[in-house]
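Residue strings, one per chain:
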Amino acid sequence: MIEIKNLTKTYGSIKSVDSLSASIKEGSIFGLVGSNGSGKSTLLRMMAGILAPDEGIINADGAPVWENPEAKGRIFYLSDDHYFIQHSTIRENAAFLSSVYPRFDRKKAEELAGKFGLSPTRKINTFSKGMQKQASVILALAAHPDYLLCDETFDGLDPVVRQLVKGLIAAEVAERGMTVILASHNLRELEDICDRLALLHKGELLFESEIDTLKDNVRTVQAMFRTEMPQKLECEGLRFGEPAIRGSMLNCVVSGEEGLCREYFESLGAEFYEFIPLTLEEIFITEMEERGYDANHLIG
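Residues numbered from 1 in each chain as written. Predicted model: local features only at pLDDT ≥ 70, side-chain atom pairs only at ≥ 80, totals over all residues. Heavy atoms only, no water.

### Here's the deal with the environment of serine 99
Checked against the element boundaries, serine 99 lands in the loop between α3 (90-97) and α4 (106-116). Each C-alpha atom, one on serine 99 and one on glycine 73, is 10.0 Å from the other, the two residues being 26 residues apart in sequence. A polar contact of 2.5 Å, which involves the side chain of serine 99, links it to the backbone oxygen of phenylalanine 96. (Helix = DSSP H or I, 4+ residues; strand = E, 2+ residues; numbered from the N terminus. Polar contact = N/O pair within 3.5 Å; in protein donor to acceptor, adjacent residues only side chain to side chain.)

Written out as structure tokens, the structure is:
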């Protein structure tokens, strides 16, 4: 388990991560989403022990990550940028990484290279960007980490390779109990593979939830009122987005327990109402708009 307590990281006057706390269970796939500059990459680098937090702690299975080679040997950070030994091959990088990661499996690196159709003896700097990302994934999985930290790992991969990578990651989680933290802007990708999801904005954790629970607790409500339209939506335990009204029809995003939502709209005297499920992307947009981060704000 990774435990994050009151984590803060500041660059000059900018708080990249602000008093963040979270727990990530062993053997889970945990998704991190957020606006640009929300602190996702900084958080991953601190979890990997690359950056030191200004305040707070990060523990992996009870042991601090910072300045702890043993803990770092169980964590692999897949950066959005690719770092390889200059003018090297997959095989040469595997030889180097085997001196850093105690469980690194060179045979597995060769086998994975074959699955991806990459030559282990070809210079990596001659690969395309997508192929270089594949090489990073190969080396990460061959390291047999307990914790795999992925920063936009699927970005730039073609659909077939994305499915292969997701399948390999899921197999490692199922077979070894590996824990994966995925930071991505592509909520559709996270929806397919993650167990839990956390939303970051300006370094703060806005919410953390099981994906199924999150989707069950947020929906669009369409309600029709033949009598008086309610002037204000307000109910303890429910959160309401900005309602759109067209004639006798009200349309609004509502967060909260479904049963309570039904009771509330029935108490308002709705002639008819229906719930429309939201995608993760729609939930993300709704949560960000509530905090003033929307397209109109950015353009205007």
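### Description of the sheet that holds strand β4 (residues 55-60)
The antiparallel open sheet is built from 4 strands, whose spatial order is β2-β1-β4-β5. Each edge of the open sheet is held by one strand with a lone partner, namely β2 (14-24) and β5 (63-64). Both strand β1 (residues 2-11) and β2 contribute to a ladder of 7 bridges, which runs antiparallel. What sits directly across from leucine 7, in β2, is leucine 20. Contacts from helix α1 (residues 40-47) reach β1, β2 and β4, with the element oriented near 120° to β1. (Pairing = 2+ DSSP bridges. Contact = heavy atoms within 4.5 Å. Axes fitted to C-alpha atoms, helices over the stretch in contact; angles between N-to-C directions.)

### Let's talk about the pattern of salt bridges
With the rule as written, the count across this model stands at 17 salt bridges. Two residues, arginine 74 and aspartate 61, come together in a salt bridge whose shortest N-O distance is 2.3 Å. Placement of arginine 74 in the loop between α2 (69-72) and β6 (75-78) and of aspartate 61 in the loop between β4 and β5 is noted, with a sequence separation of 13 residues between them. Judged by its relative accessible area of 41%, aspartate 61 falls in the partly exposed class. Where glutamate 208 meets arginine 196, a salt bridge forms, and the shortest distance between an N and an O atom there is 3.3 Å. With glutamate 208 in strand β10 (residues 204-210) and arginine 196 in strand β9 (residues 196-201), the pair connects residues that are 12 residues apart, well separated along the chain. Overlapping salt bridges bring together Asp61, Arg74, Arg103 and Asp146 as one network. (Salt bridge = Lys/Arg side-chain N within 4 Å of Asp/Glu carboxyl O. Buried < 20%, exposed > 50% of the residue type's maximum accessible area, 1.4 Å probe, protein only.)

### Looking at the pairing of β1
As paired elements, β1 and β4 share 5 bridges and run antiparallel to each other. Residue pairing across strands places threonine 8 opposite glutamate 55, the latter belonging to β4. Between β1 and β2, which pair antiparallel one after the other, the connecting turn spans 2 residues, and glycine 12 there sits at a positive phi close to 65°.

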